[in-house]
Amino acid sequence: ANITSGNTFTENITGGIIRTTGGVDVQSENFHPEGGTIEFYGPGYVQLHTVINGSSGRGSVYSIIINKEEPTAQASQPGTKTPAGTRIYDRPGTSLSGTVGVNYTADINGNVTILSGKLSAGISAIYVAGNWNNQVGVEGFDAGTGWVTFDGDQAADILSPETFYWLEVDKTYNNYDALEINQNVTCMDNLHILDGCVELNDPACLFVSGDIYIAPG
């Protein structure tokens, strides 16, 4: 799906699920669903991108579910050949992990849920206003050298153990639990708390390999 500012498109998405085996590229700064979920499913590699043009504006999606397949190739039977034109992930001896890769930026105004497959940050920036729940485990999120920022004006939870590269908290929610960490979280680089409070709930531990910066205020 490619949504651009040049299209005559009026968005009125407040709920439901859009399921896609492809990628999502939001090029319109005016695309901001107030609800609903995009579910990425099926095999292979696809990308997620939402445009961010500095201070002039950004596009966004609401919640996302990563539910990609991780196909395992079937062994060839003696005396058989792979048919010409067979998709690569159907060929004997081949296995491709189902991955959603973030292409530069992704602004998610709801939740991130990883049920199957992988979300890959690469060198990109991911903005999340809602909860983070990786039910796959360590293989479900590839932090790369990108960063994840929890933003928005509502409270959010990290519900699963996770490893981030660079983690930021930039929430305008004014209570003590702007971001609750409920399971062990590792930051391979820095932790920046620019706005909002972080609540660390027992028995969670927060491991930071780099610097911790807490903005004044």
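Anyway, here's the lowdown on the structure attached to this text. Bear in mind that the values here come from a model prediction, so they are computed numbers and not experimental data. (Residues numbered from 1 in each chain as written. Predicted model: local features only at pLDDT ≥ 70, side-chain atom pairs only at ≥ 80, totals over all residues. Heavy atoms only, no water.)

**Considerations on the environment of T186**
- Secondary-structure assignment places T186 in strand β19 (residues 185-187).
- Of the residues examined, T186 reaches a relative accessible area of 24% and is grouped as partly exposed.
- In this structure the C-alpha to C-alpha distance between T186 and L167, which are 19 residues apart in sequence, comes to 9.2 Å.
- Residue contacts for T186: discarding those within four places in its chain leaves E162, T163, F164 and F207. (Helix = DSSP H or I, 4+ residues; strand = E, 2+ residues; numbered from the N terminus. Buried < 20%, exposed > 50% of the residue type's maximum accessible area, 1.4 Å probe, protein only. Contact = heavy atoms within 4.5 Å.)

**Comments concerning the sheet that holds strand β22 (residues 206-208)**
- What the three strands build is an open sheet, ordered β16-β19-β22; its pairing is parallel. Among the strands making up the open sheet, the edge pair consists of β16 (162-164) and β22. Across the sheet, the mean angle separating the axes of adjacent strands is 15° when strand polarity is ignored.
- In terms of strand pairing, β19 meets β22 through three bridges, oriented parallel. Directly across from C187, in β22, lies its bridge partner V208. (Pairing = 2+ DSSP bridges. Axes fitted to C-alpha atoms, helices over the stretch in contact; angles between N-to-C directions.)

**Things to note about the side chain of N134**
- Turning to its location among the elements, N134 is positioned in strand β12 (residues 132-134).
- We classify N134 as buried; its relative accessible area is 4%.
- A distance of 2.9 Å separates polar atoms of two side chains, one belonging to N134 and the other to E162. (Polar contact = N/O pair within 3.5 Å; in protein donor to acceptor, adjacent residues only side chain to side chain.)

**Quick look at the sheet that holds strand β14 (residues 147-152)**
- Strands sit in the order β8-β11-β14-β17-β20-β23 across an open sheet of six strands; the sheet is parallel. Two strands bound the open sheet, and with one partner strand each, they are β8 (105-108) and β23 (212-214). Between one strand axis and the next, the sheet turns by 10° as a mean value, whatever way the strands run.
- Looking at chain direction, strand β20 (residues 191-195) and β23 are connected through three bridges and run parallel. Its bridge partner being in β23, H192 is matched across the sheet by Y213.

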